[in-house]
Amino acid sequence: MATADKYNVESAEILANSALHLPISQAAPIYEQLLSIFPTAAKYWRQYVEAQMAVNNDDATKQIFSRCLLNCLQVPLWRCYIRFIRKVNDKKGVEGQEETRKAFDFMLSYVGADMASGPVWMEYIAFLKSLPAANTQEESQRMTAVRKVYQKAIVTPTHHIEQLWKDYENFENSVSRQLAKGLLSEYQPKYNSARAVYRERKKYVDEIDWNLLAVPPTDSCKEEMQWMAWKKLLAFEKGNPQRIDSASSNKRIIFTYEQCLMYLYHYPDIWYDYATWHAKSGSMDAAIKVFQRALKALPDSDMLKYAYAELEESRGAIQSAKKVYETLLGDGAETTALAHIQFIRFLRRNEGVEAARKYFLDARKSPSCSYHVYVAYALMAFCLDKDPKVAHNVFEAGLKIFMHEPAYILEYADFLSCLNDDRNIRALFERALSSLPQEGSIEVWKRFVQFEKTYGDLASTLKIEQRRKEALSGTSEEAASALESSLQDVVSRYSFKDLWPCSSKDLDHLSRQEWLAKNIGKKVEKSVLSNGSLTIDKSSVAPTSNSTASLKVLHPDTSQMVIYDPRQHLGTAVPPNTTAPAILAASNPLSNPTVSMVDGGSASAFDEVLKATPPALVAFLTSLPVVEGPTPNADIVLSICLQSDLRTGQTKKSATLPSQRTTGPAPSTSDLSGSSKSHPIPSSSSFRTQSRQLGKRKDVDRQEEDESTTVQSQPLPRDMFRIRQIQKARGGGSASQTGSVSYGSAISGDLSGSTC
């Protein structure tokens, strides 16, 4: 596997699958290679150890278990360990049984808190029950041991906690019903609490992918989701949701961190959180061990090294901290400037000024010593040692080496400003500007002008500004305009920090004018401001009596825009040859009248559909308004339906067509086939008025409506006696009119209504 691609998960899976079909002598190097890259991959460890167990290689199996068990807290791997222990000790009698019991206790002390450890608890209980008892005393000891394991299992949130509680109840009742009552009542609240915590914890555990391999972070979405899932689970465990004692709670948190590191092995923030949690809990030794493991996992992480050195220094272990700093310094070839600076500060804090000075003198000879080291040591001498002379000498020594570094010049100028040494500041700027190239002198000129504005008089300020313009002017064509004074110079001269002698609008205007002044003489077809859409035409570059340039504001081509707004097309007429689409546009609340046009072929096809449409349905569709927006408002449609008095069957009171309204005549043929009328969009106020009118009409005509209730307004009852009563009351159950209603079988209660 190539070094650049060694963390390729797909390649690792292919190698692991290929090793399954090879003899152990050939598969072992493959497993070793995989586990050197993925040392926390429990599935590869289990695959490796099972291959050794298959050939009864007990010594190699024990060695593998010693390498992986404590770093891979995964239940399937540990169950494999128990199988191996039981197989080895199966024929050793009492001694073997004791070894197996110790192995179970050892396993449960590490993975007993896992939510998947329910089968392990059950297997341990079954093993204890199977132990022989020669006398009553041994039987009592066995029952006591089983009871203790049960009582631990039922307060551990696992997937099998309910089954374990049932088994415990049966166990206690089989031993002594009188004793069981007291014990069960004592452990019932603890069991309920564990079961509640299990349900809450399961929400967090289900978000974790337990099949991932530990790879360096690539900032993919899946990796970030897993990182967040682990963070949520850790925060949940730190809250002690089960309200157990602090020792048990800390053990649970440690177990969660260890499991997290199996998958986020290359995440320095997880290692740091784990170590600092130990330190805050008072376990400094445990925090040190976590940092040591972290540096073994991530040997190139300077962040963890600084954090480790800080922890050692904070607890007074200066020599241990110094060793960590020495690893940061390395052999000198790859030492960073930051490592030099931090080690100088460390020596100054713990060994004094002389030790720091001595190391600085050695660090100056290092090829990795940049100007940052000079600045850091000079400021330390000035601020901490209160020795400006030493600081000045250091800056002067660095100036001989880093005269070409504008940042160093500015740091030196700041130091001289603290000394209020304006004479040397001017001398420094003059020396630096005489040697710096034009591109690198911009910031130095800016600081020089700022210095003169603050400490100089008006004449010196104007002089430096003019020199700056001359030095930074571009080509000869732009030199004349660049050297001219502008109002922006005044604004810059009389501003202070975030205070300006003009408004932001004025600043924007000045910047535009400056841009125009620079481009006024250019023969360009079109120039665009970075923050606007100004254009300058080629034909109008020459100055006129009113303006220096002809400006044209570009607007978007609105003719190419399609804005959905039915209110703009309320009076649009539909062509006569689009009969069917006109009805569709008028009747369908989802359609737009302006876009519901189809070709002649589609119209003729729709005519056939229209002929088969019942008149009552067509009349109802024409009563629906054109809606606003891409989807109809359900409340509006329901309101129209409630107000509609269209009839689907003949009643004794009325002999009108089903499509006829009580408040007006039915729509004419022209309304249905080719009407040029478009339905207005009802407003919310019109619906409120109609709703109030509807309420009044319902109150007045309630009795009439009860008598003339149609078949479709209420469901047909399923009771045979009730069906016959309805048929008698309606005179036979069917009426013959233009719209006919036919009833199905009275036994089945099915209803089929057809209107034609």
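Not measured: the values here are computed from a predicted model.

Moving on to the overall build of the protein. Counting its secondary structure elements, the protein contains 35 helices and four strands. Within the protein, the fraction of its 756 residues that count as buried is 36%. Accessible surface, the protein as shown: approximately 43,700 Å² in total, 54% of it carbon and sulfur.

This paragraph deals with unusual backbone geometry. A positive phi angle is found at N240, which is not glycine, with a value near 50°. Examined against the element boundaries, N240 turns out to sit in the loop between helix 11 (221-238) and helix 12 (246-263). Overall, the relative accessible area of 17% leaves N240 in the buried class.

This part takes up the packing of aromatic side chains. This structure, assessed with the given rule, holds 45 aromatic pairs. On the basis of an interplanar angle of 40° and a centroid distance of 5.9 Å, the ring pair of F65 and F84 is categorised as tilted. One end of the pair, F65, is in helix 4 (residues 58-68); the other, F84, is in helix 5 (residues 75-88), and 19 residues separate them in sequence. F84 carries the same exposure label as F65, and that label is buried. Taken together, F360, Y371, Y374, Y377, F382, F395, F402, Y408, Y412 and F415 form an aromatic cluster joined through their ring pairs.

Right, let's talk about helix 27 (residues 504-519) for a bit. For helix 27, built from 16 residues, the straight-helix expectation of 22 Å at 1.5 Å per residue is met to within 8% by its first-to-last C-alpha distance of 23 Å. Among the residues of helix 27, L510, L516 and N519 are the ones counted as buried.

Glancing now at the pattern of salt bridges. Counted according to the given criterion, the structure contains 30 salt bridges. The closest approach of N and O atoms between R252 and E237, which form a salt bridge, is 3.5 Å. You can see R252 sitting in helix 12 and its partner E237 sitting in helix 11, a full 15 residues away along the chain. R315 is paired through a salt bridge with E312; the nearest N and O atoms lie 2.8 Å apart. Judged by relative accessible area, R315 falls into the partly exposed class, the value being 41%. For E312, a relative accessible area of 2% gives the class buried. Each of the salt bridges in this network shares a partner with another, and the network as a whole consists of R79, R86 and E123.

The subject of this paragraph is the side chain of Q259. Within the secondary structure, Q259 sits in helix 12. Not counting chain neighbours up to four residues away, the residues in contact with Q259 comprise L73, D114, W210 and W230.

Okay, the environment of G118 next. Tracing the chain through its elements places G118 in helix 7 (residues 118-129). Sequence separation between G118 and Q163 is 45 residues, and the spatial gap between their C-alpha atoms is 9.0 Å. Other than its neighbours up to four places away in sequence, G118 contacts T158 and H160.

For the rest of this paragraph, the subject is the packing of helix 21 (residues 406-418) against helix 22 (residues 422-435). Interhelical geometry of helix 21 versus helix 22 gives an angle of 170° and a closest axis separation of 9 Å. On the basis of their axis angle, the class for helix 21 and helix 22 is roughly antiparallel. Between helix 21, through I409, Y412, A413, L416 and S417, and helix 22, the contact on the second element is made entirely by N424, I425, L428, F429 and A432. Each residue belonging to the contact of helix 21 with helix 22 can be placed in one class, and the counts come to eight nonpolar, two polar and no charged.

Bringing the nonpolar core into the picture now. In terms of nonpolar packing, the biggest core is built from 153 residues, with Y44, F65, Y168 and W271 touching the most fellow members. With nine residues, the top contributor of residues to this core is helix 10 (residues 177-205). What F65 contacts, discounting residues up to four positions off in sequence, is V49, L77, C80, Y81 and F84.

Time to look at the environment of R293. By the element assignment, R293 lies in helix 14 (residues 284-297). Put simply, R293 and W271 are 22 residues apart on the chain and 8.6 Å apart in space, counted from C-alpha to C-alpha. In contact with R293, other than residues within four places in its own chain, are N71, E258, L261, W271 and Y274.

Interaxial distance between helix 6 (residues 93-111) and helix 7 falls to 11 Å at its minimum, and their mutual angle equals 160°. Between helix 6 and helix 7, the angle falls in the class roughly antiparallel. Relative to helix 7, the crossing made by helix 6 is left-handed. Two secondary-structure elements touch here, helix 6 through Q97, T100, R101, F104, D105, M107 and L108 and helix 7 through V120, W121, E123, Y124, F127 and L128. Grouping the constituent residues of the contact of helix 6 with helix 7 by class yields eight nonpolar, two polar and three charged.

Residues L458, L462, L487, V490 and Y494 make up a contiguous nonpolar surface patch of about 480 Å² in total accessible area. Along the chain, V490 turns up in helix 26 (residues 487-493).

Turning to helix 18 (residues 353-363), a few remarks are in order. Those residues of helix 18 that sit buried are A355, A356, Y359, F360 and A363. The buried residues of helix 18 occupy an angular sector of 135° when the element is viewed end-on, so they sit on one face. Projecting away from the buried face of helix 18 at angles above 90 degrees are the exposed residues E354 and K358.

For the rest of this paragraph, the subject is the environment of A432. With respect to the helices and strands, A432 occurs in helix 22. In this structure the C-alpha to C-alpha distance between A432 and P406, which are 26 residues apart in sequence, comes to 8.1 Å. In contact with A432, not counting residues within four places along its chain, are M403 and I409.

It is worth spelling out the confidence of the model for the protein at this point. Within the protein, residue pLDDT values average 78, and 70% of them lie at 70 or more. Across the protein, the element-wise mean pLDDT spans from 37 in strand 3 (residues 741-743) up to 97 in helix 13 (residues 268-280). Residue range residues 648-698 is modelled with pLDDT below 50. Its contacts to residues more than four positions away, or to other chains, number 84 contacts. Residue range residues 732-756 is modelled with pLDDT below 50. Its contacts to residues more than four positions away, or to other chains, number 41 contacts.

Our next topic: the state of the cysteines. One pass over the structure, following the stated rule, counts zero disulfides. C68 takes part in no disulfide bond, and the closest cysteine sulfur to it belongs to C72, at a distance of 5.7 Å. Here C80 is not cross-linked by a disulfide; its sulfur's nearest cysteine counterpart is in C68, at 8.7 Å.

So, how was this worked out
Residues numbered from 1 in each chain as written. Predicted model: local features only at pLDDT ≥ 70, side-chain atom pairs only at ≥ 80, totals over all residues. Heavy atoms only, no water. Helix = DSSP H or I, 4+ residues; strand = E, 2+ residues; numbered from the N terminus. Buried < 20%, exposed > 50% of the residue type's maximum accessible area, 1.4 Å probe, protein only. Areas by Shrake-Rupley, 256 points an atom, 1.4 Å probe, with all protein chains shown as cover. Phe/Tyr/Trp six-rings, centres within 6.5 Å; stacked < 30°, edge-to-face > 60°. Expected span 1.5 Å × (residues − 1). Salt bridge = Lys/Arg side-chain N within 4 Å of Asp/Glu carboxyl O. Contact = heavy atoms within 4.5 Å. Axes fitted to C-alpha atoms, helices over the stretch in contact; angles between N-to-C directions. Parallel < 35°, antiparallel > 145°, perpendicular 65-115°, else oblique. Nonpolar A, V, L, I, M, F, W, Y, C, P; charged D, E, K, R; others polar. Core = buried A, V, L, I, M, F, W, Y, C linked by side-chain atoms within 4.5 Å. Left-handed = near helix turned anticlockwise from the far one by under 90°. Patch = residues over 30% accessible without salt bridge, like charges linked within 9 Å, V, L, I, M, F, W, Y side chains within 5 Å. Arc of directions from axis to C-beta. pLDDT = per-residue confidence, 0-100. Disulfide = S-S within 2.5 Å.

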